[in-house]
Each structure stands twice: as C-alpha cells, then as structure tokens.
Amino acid sequence: MSYSLQHIARIIHADQIPSVETTISHLLIDSRKLIFADVTLFFAIAGPRRNGHDFIPELYERGLRAFVVEKGMVEKEKFPQAVFLEVPHVLASLQVLTAYHRSRFHIPVIGITGSNGKTIVKEWLYQLLHTEEQIVRSPRSYNSQIGVPLSVWQLNNTHSIGLFEAGISQQGEMGALQKIIQPTIGVWTNIGAAHTEGFSNEAEKAAEKARLFADSESLVYCKDAIEASFDPAGKNRDSFRKDIRLFAWSRMGDADLVIHSEEHTQQQTLINAVWQSQNIQITIPFADRISVDNAITCWCVLLLNGYKNEWIQQRMLLLEAVDMRMQLKKAVNNCYLLNDSYSNDTASLELALDFLVQQAGKNKTTLILSDILQSGQSAEVLYKGILQQLSKRGISRLIGIGPAIKALQPELEKMAYGLQIDCCESTQIFLQTASLNQFRDEYVLLKGARIFSFERISQWLEQKVHQTVMEVNLTAMAQNLKAYQQLLQPSTRVMAMVKAFSYGSGTAEVARILQFHKIDYLAVAYADEGVELRKAGISLPIMVMNVDEAGFDAMIQYNLEPEIYSFGIYSLFHQFLDKQAIRQYPVHIKFNTGMNRLGFEINEAGELASLIHQHGSMVVKSLLSHLAASENPMLDDFTHHQVSRFEEAASTLQQVLGYSFIKHIANSAGIFRHPEYQFDMVRLGIGLYGVDSANEQQLSLQTVITLKSTIAQIRSVQKGETVGYNRKGIVGRNSRIATVRIGYADGYSRALGNGNGYMWLKGEKAPVIGNVCMDMTMIDVTDIPEAMEGDEVEVFGKQVPVQELAAVTGTIAYEIMTGISQRVKRIYVEE
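The rules behind the values
Residues numbered from 1 in each chain as written. Predicted model: local features only at pLDDT ≥ 70, side-chain atom pairs only at ≥ 80, totals over all residues. Heavy atoms only, no water. Helix = DSSP H or I, 4+ residues; strand = E, 2+ residues; numbered from the N terminus. Rg over C-alpha atoms; globule rule 2.2 N^0.38 Å. Contact = heavy atoms within 4.5 Å. Phe/Tyr/Trp six-rings, centres within 6.5 Å; stacked < 30°, edge-to-face > 60°. Buried < 20%, exposed > 50% of the residue type's maximum accessible area, 1.4 Å probe, protein only. Lys NZ or Arg CZ within 6 Å of the ring centre and 35° of its normal. Polar contact = N/O pair within 3.5 Å; in protein donor to acceptor, adjacent residues only side chain to side chain. Pairing = 2+ DSSP bridges. Axes fitted to C-alpha atoms, helices over the stretch in contact; angles between N-to-C directions. Salt bridge = Lys/Arg side-chain N within 4 Å of Asp/Glu carboxyl O. Core = buried A, V, L, I, M, F, W, Y, C linked by side-chain atoms within 4.5 Å. Parallel < 35°, antiparallel > 145°, perpendicular 65-115°, else oblique. Nonpolar A, V, L, I, M, F, W, Y, C, P; charged D, E, K, R; others polar.

(A) Seen up close, the overall build of the protein chain. A tally of helices and strands in the protein chain yields 27 helices and 39 strands. In terms of C-alpha radius of gyration, the protein chain reaches 29 Å, essentially the compact-globule figure of 28 Å for 831 residues. Overall size of the protein chain, expressed as C-alpha extent along the three principal axes, is 90 × 90 × 65 Å. Restricting to contacts in the protein chain with at least 6 residues of sequence separation, those with at least 24 account for 66%.

Next up, the structure:
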C-alpha cells in the first residue's frame, strides 16, 4: 500500500506538511538497503554507534528525496530537492506510522511473545495455515522496536491473517509493540532466562510481556510455563480486557487442553490429550521436548479458531524443521551457493537478495527461483515486481522454475532490464537440461517452495568435499562486533583483524560482513591477502602488517596501506615511492613498547618524524603498538608502562609532523580490560570470533566457528581389544566405537587422542579413544546408545569450546582455529 508524503506528515505530526504529493510505499532505516529511491521514505534513527542522519548525504546522492529526521539535526539548505519531515523522535514516528497502518486492517492478527520459541511457533503456524489463508508474517526474527514496525508495514488488502512476533529486553518496550501489532489473538510461549538482565525479577518481565495482550480477544498459553511468574486466569486477570478468552494447556493439571501422554519414537511423537471432554491426538515428526511444546501451542491456536482435529492431524504430520539461517557454501566452478530454503515469499526473498549482493561484491549473481505460491497477487504482477527488484539490485540472471513463471517467460523477457532469463516447468526438467558449465565464477541464490525439492539442485551444485565442515555464523560475528562496540566511546573507530584467512574462517566472506556493518578498517598480515580482498570487492581501508619490498607494487596498485616498523623498510618504501613520483602515501607507524617483536624504538621517534617530514613521500595515517599482556591482570603494571611509552612516541611524532593521526594500541582483551586506552581506534581480532582472550566471561559473546563432522562407521569392540595405531586405545569394557571423518590432516591435533579430547554427540560427550589418525578419529559412544552412522558430531563450537581444546593441547585458541585445513569446507550462515 502507498501513502502520500502529506498524509504521512499528518500521521506522525511532523512540524510542517510538505507541498509535494510524493507517493511512499517503502520505509527504510538502513542506508545500505536502498532499492526504489523515488518511493522510499528514510527514517534517520540514531543508535548507540551510528546516527541515521549521518547517511543522508549518501542517500541524497543516490536519488532519495524523502526523510524523517529529528528537528534541528539537518542543514536542509544542503539538500535543495529533499523533503524533510521533522519530528521530536524518529523511532517513535516510525512506530506511530505503522500503528496507524495496522489500524486500517480488520483481520485476525496473532501476536506471539515469550522467552523462547516465538519464531518457531510463528513459522509453524504459517506452515499449518498457508493453504487456507493469505498470510503476512514477520520476516525471520523481526521482533524488535524497529523490526516489528517494518513487519507490520507489509500488511495489504490481499492478506486475511497476520502473524507477528514481539521481543523485549527491558521495561517499557512492549507497550509500543502492542500499539503496532494490535493482536486479536495472543500466543505466549513461555517465560525463561532470556533478557533477564533488563528486569529485576521474572514476575516483572512476565508483566511486561503480558502488555502485548492487553486488548486481545483471546490468549493461548502454557500454564506450566507461565503461572509461576504470572497467572492470567487468577491474580493477574485484570491485565487483560474483561471478555478475553483464555485458552491454556498443561501436562500437570486443569486446562483447556490437558496433555495425558507423549509416545516418542526416534523421529516422531504421538501426543494424547483431552479437550472439551474428548480424547484427541496428533502426531508430529519431531521427538525433542522443545518441538513438542511448540507444536502443542500451535495445536491450541488451531483448536481455538475452530479447525477440526482431523484436519489438524493431517497438517501436523507435514511440519518441517525451521532453519532460520541462510547458508553460503562453496560450489562447482569457483561458484558460491546461497541456499535459503527457510521460506519462499517476497519479504524473505528481499532479505536473501540483500545478503546475496552483500556477499557477491562485484561478482556475477544468479537467482534460481521457484513459483511463489499463495502470494495473493496475480502471477503477472508478482513476477514483474520481482524482476524490478532484481534489476535494481544488479542481479545478472534469473532461472525460474515452475509452471506459472514458465508461462510468463515471454512477457518477462520483454521487460528483462538486461537480465538473462531462463525458465523450466519443473525441477526435474531443469536438472535434465542444465549443465554445470552454465555456472562459473558467480554467486547463486536458491529460493524455492518446498514442493519444488530445491535440495536436489543444491546437491547438484555443491562442490564435492568430505563431510567435515567449518560453519561460520556471520550473524553471531555481527553480534560480537556490537558487543565490543558497546564498550567504546562513540568516536572510537574499530580495525578488524582478518589476517591468517580470518583466523581460519575465510577472509573475503568475513570482510564482506564487516564492510556491511561499516567497520572502519581491516588489517591483514601480508600484501597478497589485501589483494585478494580488493579482488573480492572490499573497499574498506586495509592495513598490511608485514610488508616487504616484493609487495610494494601490489600495495600501490590495490590501495593498501603498509605498516612501517623499521628504518630499513621505511627507506626501501620511500625509494619506491620516490621513483614512482608518489607523494603523501598513507602509512601506519609501529613502535615497540615492550613486545620486542616489530617496531621502531621509542628513542627513534624524533629521527623518524624528521625523515617523514623532510621526504614528504608518506603521510602518517596512524600510530600503533602492540600490548604484550593485556589479558593478564598480574601484568597490568607492564601494560600501563607500555601505554606510557606509546604516548611518549606519539607526542614526539605529532610535535615534529605538525598534524594529528589515529592512535591505537588496544586489542580484543584491551578493549574490555583497559577501556581508558581506547585512544582513537581499537583492533578487534579473536573477540570477533567469540573467544574471550581475557577469559573473564563478562561479555555476551556468541560462538562464530563450529567444526563438525559425521560418523562413518560404528562397530562393537570387546573388552580387552584395542583401537587405532600402536594399540593405544585399550577397551576396558564391551564398547561401541564410532569412527569420525576428521583427522590430523584436517587440523585435529594428535594430542587430543587417548581420552584427552572429546566430541559432542546427541547432547553427550564422547571421548576420543586411541590415536588420532590422518583422516579419521575414533570416539567411544557406548554411553550414547542412540548414536547412528551418519550422525553429526561437534568437534568444537558451542558445546566443545575451542579454548578447552587449546588447554588440552597446550596451545591457544588462535592456533587451533588457524590450523584447520583448507580441505575442510567452510559454510557461511546468516540467521
């Protein structure tokens, strides 16, 4: 739906009503995601690190003309063609606009909250109902103060029901979300430990969550999970409207739906219950407790809304696991494959396209898209709109699969916007007629409805490698970046260390996510690493830490900035620049303050500054040193001494040069332990990957890297027999021994053999038995009877911290991570 800019100005009570009649259909809060400039309104929201007002010049340059800004924050005369709607609070205005938009639709809207399970319940309700209803829902986990407004803005006249989730982290937040979602049906999954830090106790948190349902007509909840903190039917009944219909379920007592028994097999659960004095049951294709709870909640919603249990039984059997992550994998012919089978609708397509473009850089891009079912639009309007989206994002090729898009191919080719368009009626026909040679040096996005079985295309395109993989969670990395940024002054810049293949995780892919999140600088060890980043489309400033004469030409050609650490390197680089007639080339000067590795001595600062000033071939971009023991509180005096020497060198250099430069000395541990030494910039390395080198566990860091493998074979070994080379693994009882597809050639240390290490399987530790082999490792699964061949094991990650492996092998996490072989496939996921 569209609104005139004048109408929007009245809704949000802007200071002035514009005279222009611009039509707005898209709202934007992230400058990186501008697509349709002529119909987009940008909300300049100020955050703790980024202020939306700072991106107005860039957006104006790209053709955007409509902005919501805080009063007095913009010099409007610099943007003569722009329209600025000035308001006291930009985020509040976004929420007011979308609340108004929601109020125009008189359809059932299900609002979902809880400490866990919100997204699963929302997606399962979509799976259960999408054949019966035209559904609008929150994309992925858009449940925040910004995500909810953007979700609700999707509502249009084709929709018959809405599914929106709401998440909070502190008091006072849910009231705003309630006004936007205005749920007619409430779903409360549970109360748990998530976001407890924003509340004094669980009762306070529960009361805040309950505000979502203040005006709902009905509420579904689990008595067992809620009533200890909040009693909707008892003492807290006044929190809701008087005529609310409360629908509770319980395993333990009186409720609308009472669960009597659950019969588990390996892959299914039969749930028996009593409802309205009738025995009813459903079977779901999951056996874990969390999935059972979420399915029962969905069951209640359907019963409450009049669906027959016979129909519910049929639909429940079709539930599929919700994978909320987009996976980027290496594919054939130097391609990358982005497999997003999470959902197939226009909203999730836009998110996946943004990620595709972000990762592809300047590389060619292809979208393989199935028919989008139950969109509520005519096929012609739907696919022509998608074609516009692809054109605006610079997508190179569209491969459409399905009868609807195939029938429209001639029409789409007429308005192709330069795209190559190929269509097939089915996945089977595509696989029969396509050739792998059609895919080369490009990024491919797979987006298909489940009935089209796009997993067959994924398997066809994937590079064939053994089943050990390193999973790199880019969303977790972005969260870790934010965790550190919250410790910084707003003016403090961040340099991210992406040397050594980004600690083993993949340089280009990591650099792209950091560039997307507007990091200030990257640092690599050698010039060739920087060259690869430039070839991958990375435009951020890049510092090269270990320079030599052989790399000078490449540094100039690819605009890389060297770290100068000795008079020898300085002299060689000056001579090179002088021959090329290059002046004022940016460099980074390193001083040795106690690490005794690389760097000028402090007493050399004056001589160095004089040479730089005299020659004029270089300009100092930054001054740096390296803390030797920032993570160790026993050596804090030495850290203070290092900083004192660093400040001495900086003062000398600045006095002679006569200009200022960036100063940085703090690393990941220094950011946290020595906030007084942030200076102008900090260098973030191992902390990005979720490893707290200070080991103080006070930062909420997420695991970024998970090493996984699979079980090749399980055998029974009798007491007294041995396992592995040199008969080192002596079996002390009749045992089941699993052989896992990973060995020291993959980077799994031999020191982890013979019980020193373990892997994580089915929620249990499985100790390593015998010596680690080149390509295989054996683990004892005797106490894990459900273990089967083909099962996935975690080698290190969330359950097996890499720090533990480092301690066992007498090394550090850095060495473990960078030692993982390149034959191990890297998979990049975005949640």
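Next comes the rest of the account.
(B) Spatial organisation of the packing of aromatic side chains. Per the stated rule, a full pass over the model turns up 21 aromatic pairs. Their ring planes at 20° and their centres at 5.0 Å tell us that Tyr-336 and Tyr-443 sit as a pair that is stacked. Placement of Tyr-336 in strand 17 (residues 336-339) and of Tyr-443 in strand 21 (residues 442-447) is noted, with a sequence separation of 107 residues between them. By the burial criterion, Tyr-336 is buried, and Tyr-443 matches it. Through successive ring pairs, a cluster of aromatic residues spans Phe-42, Tyr-60, Phe-67, Phe-79 and Phe-84. One cation-aromatic arrangement involves Arg-32 over Phe-516; the distance from NZ or CZ to the ring centre is 3.8 Å. The ring of Phe-439 carries Arg-397 above its face, with NZ or CZ at 4.7 Å from the centroid.

(C) View of the side chain of Thr-269. With respect to the element layout, Thr-269 can be found in strand 14 (residues 269-275). By relative accessible area, Thr-269 is classed as buried at 0%. For Thr-269, the side chain forms a polar contact with the main-chain oxygen of Phe-286, separated by 2.6 Å. In this structure, Thr-269 is in contact with Glu-262, Glu-263, His-264, Ile-282, Thr-283, Ile-284, Phe-286, Ala-287 and Val-292, ignoring residues within four places of it in sequence.

(D) Just the sheet that holds strand 23 (residues 493-497), in detail. The strand order across the open sheet formed by 8 strands is 29-28-27-26-25-24-23-30, and the pairing between neighbours is parallel. Both outer strands of the open sheet, strand 29 (662-664) and strand 30 (681-684), are each paired with one neighbouring strand and no more. The average undirected angle you get between the axes of adjacent strands in this sheet is 30°. Taken together, the 3 bridges between strand 23 and strand 24 (residues 521-524) define a ladder with parallel strand orientation. Paired with Met-495 across the strands is Tyr-521, a residue of strand 24. The strands that helix 24 (residues 636-657) touches are strand 28 (618-624) and strand 29; relative to strand 28, the one it contacts most, it runs at about 160°.

(E) Representation of the pattern of salt bridges in the model. Counting across every chain of the model gives 33 salt bridges. With a shortest N-O distance of 3.0 Å, Lys-122 and Glu-165 are connected by a salt bridge. Taken as a pair, Lys-122 in helix 4 (residues 118-129) and Glu-165 in strand 9 (residues 161-165) lie far apart in primary sequence, 43 residues in all. Judged by its relative accessible area of 0%, Lys-122 is buried. The partner of Arg-251 in a salt bridge is Asp-293, with the nearest N and O atoms 2.6 Å apart. On the criterion of sequence distance, the pair formed by Arg-251 in the loop between strand 12 (245-250) and strand 13 (257-264) and Asp-293 in helix 9 (residues 289-304) is long-range, its members being 42 residues apart. Classification of Asp-293 by relative accessible area gives partly exposed; the value is 22%. Here the salt bridges share partners, and the residues they tie into one network are Lys-122, Glu-123, Arg-137 and Glu-165.

(F) Quick look at the sheet that holds strand 5 (residues 66-70). Pairing is parallel across the open sheet formed by 4 strands, whose spatial order is 3-4-5-6. Edge positions in the open sheet fall to strand 3 (26-28) and strand 6 (83-87), since each of these has one partner strand only. Mean inter-strand twist for the sheet, computed between neighbouring axes without regard to direction, equals 25°. Where strand 3 and strand 4 (residues 40-43) come together, 3 bridges link them in parallel fashion. When the sheet's bridge partners are listed, Leu-28 is paired in strand 4 with Phe-42.

(G) Layout of the nonpolar core. Ranked by internal contacts, the top residues of the largest apolar core, which has 133 residues, are Leu-514, Leu-522, Phe-573, Ile-589 and Phe-591. If sequence neighbours within four positions are ignored, Phe-573 has contacts with Phe-552, Met-555, Ile-556, Pro-562, Ile-564, Tyr-585, Val-587 and Met-618. With 40 residues, the next largest nonpolar core counts Val-121, Ile-135, Cys-222 and Leu-319 among its residues.

(H) Summary view of the packing of helix 22 (residues 567-579) against helix 23 (residues 605-615). Viewed as axis vectors pointing N to C, helix 22 and helix 23 meet at an angle of 5°, and their least axial separation amounts to 12 Å. With respect to helix 23, the axis of helix 22 lies roughly parallel. Across from Phe-567, Tyr-570 and His-574 in helix 22, the residues of helix 23 making contact are Glu-607, Leu-608, Leu-611, Ile-612 and His-615. Class assignment for the residues of the contact of helix 22 with helix 23 results in 5 nonpolar, 2 polar and 1 charged.

(I) Fine view of the pairing of strand 36 (residues 764-767). Sheet topology places strand 35 (residues 758-761) next to strand 36; 4 bridges connect them, and they run antiparallel. Within strand 36, the position partnered with Met-759 by the bridge is Ala-766. The turn linking strand 35 back onto strand 36 is made up of 2 residues, and Lys-762 within it adopts a positive phi angle of 55°.

(J) Broad picture of helix 6 (residues 174-181). Burial of helix 6 is extensive: 6 of the 8 residues sit out of reach of the surface. Every buried residue of helix 6 is listed here: Met-174, Gly-175, Leu-177, Gln-178, Ile-180 and Ile-181. In this fold, the buried residues of helix 6 make contact with helix 3 (90-103), strand 7 (109-113), helix 5 (147-152), strand 9 and helix 7 (202-210). Where helix 6 terminates, the next one or two residues include Gln-182, which has phi positive at roughly 45°.

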